[in-house]
Amino acid sequence: MSEPGTHEFAVAGTRVVHIGRVVGLRIDDVVMPGGETAKREIVEHLGAVAILALDADGAVTLIHQYRHPLGRRLWELPAGLIDHPGEDPVDAARRELVEEVGLAADDWVTLVDVAASPGFTDEVVRVFLARETSPVDREVLGEEEADLVVRKFPLAEAVRMALAGELVNGATVSGVLAAHAVVTGAAPARPADAAWRDRPSRFARRLAEG
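Residues numbered from 1 in each chain as written. Predicted model: local features only at pLDDT ≥ 70, side-chain atom pairs only at ≥ 80, totals over all residues. Heavy atoms only, no water.

As named in an unreviewed UniProt entry, the protein chain is NUDIX domain-containing protein, taken from Amycolatopsis ultiminotia.

1. A look at the overall build of the protein chain
Heads up, the rule is: The secondary structure listing takes helices from DSSP runs of H or I that are at least 4 residues long and strands from runs of E that are at least 2 residues long, numbered from the N terminus. Remark: exposure states derive from per-residue accessible area (1.4 Å probe, protein chains only) relative to the maximum for the residue type, with buried under 20%, exposed over 50%, and partly exposed in between. All accessible areas in this document rest on Shrake-Rupley with a 1.4 Å probe, and a residue is counted as covered only by the protein chains that are shown. His is not counted, nor are the chain ends; Lys and Arg add positive charge and Asp and Glu add negative charge. Think of each charge as sitting on NZ of Lys, CZ of Arg, CG of Asp or CD of Glu.
Within the protein chain, the secondary structure is distributed over five helices and 11 strands. For the protein chain, the C-alpha atoms occupy an extent of roughly 60 × 40 × 35 Å along the three principal directions. Counting all 210 residues of the protein chain, 40% fall into the buried class. About 11,600 Å² of surface is accessible on the protein chain, with carbon and sulfur atoms providing 52% of the total. Counting 22 positive and 34 negative side-chain charges, the protein chain places the averaged centre of each group 3 Å from the other.

2. A closer look at helix α3 (residues 155-163)
Stated precisely, the cut-off is as follows: Arc, as used here, means the arc of the directions from the helix axis to the C-beta atoms. In this analysis, two residues are considered to be in contact whenever any of their non-hydrogen atoms come within 4.5 Å of each other.
All of the buried residues along α3 are L155, A158, V159, M161 and A162. Seen end-on, α3 carries its buried residues on one side only, within an arc spanning 160 degrees. Residues A156 and L163 are exposed on α3 and point more than 90 degrees away from its buried face. Where α3 is buried, its residues contact β5 (59-67), β6 (72-76), β10 (149-154) and α4 (170-183).

3. Side note on the nonpolar core
How we decide: The term nonpolar core refers to a set of buried residues drawn from Ala, Val, Leu, Ile, Met, Phe, Trp, Tyr and Cys, joined through side-chain atoms within 4.5 Å.
Ranked by size, the top nonpolar core spans 26 residues in total, and within it L52, V60, L62, L111, V127 and L129 carry the most contacts. Contributing elements (two or more residues each) for this core: β4 (48-53), β5, β8 (103-115), β9 (124-135), α3 and α4. Discounting residues that sit within four places of it in the chain, L111 has contacts with L52, V127, F128, L129, G175, A178, A179, V182 and R190. Residues I51, V101, V124 and A130 belong to the second largest nonpolar core, which totals 19 residues.

Here you go:
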C-alpha cells in the first residue's frame, strides 16, 4: 500500500445512469489504496455563478426563492447556471444579475469558488463581487423567476444572517463572508477573469456531443 496522500485514485470503469437538462449521474469504479475498487456516484453539473451586488450604500441584494428540495423559500444571492455554450463566467454573471434583479455593474472581481458538495458532485459555483451598480430593465424568463422577492440588506446584516443560520445556501454564505473580508480590507479579491481550476466541464461536453 502506498504512503498516505500519494495514492492515485484511478477510474477502472464508468457507467452513465442519467442525463438530464441540468445534471447527469454516472457511477465510477475507483481503485482504492488497497487495490480493491469502490463505486462512487457522481452528479455532474454545468457549473454556476452567483453575484454579491453591493451598492454605494453598502447594501447587498438578496432574493427570496423557493427551493423544492428543501421545501421552502431561501434568501440567496442572485445566481444561475453557465448554460450558454462557450460563455465566460463573468458574462454569465452579468446576464443573471439583469435577469434576476434588474441590475448592471461596472466593477467586477472574483470572491470565492465554492464546491457545493464534493463528496458526490462536481458542481462548483464562482461567486463574484459586483460594484458600481445601476438599475436596468429586468428580464423575467419564467414562472419561477416571476415569483422572486428582491430585497436589499446592509452587508453587516447579511453577515449576521449567515452566522445565525438564516442564510444556508453555500454560495450565499461564502459570498457574504468573503465580501465582508474584502470590504473591510482583511483580504483581497481576485480579478474577475481569475483562473478557475475546478470549473465543471464534463456535463457541458456531454450535452454538446448530444
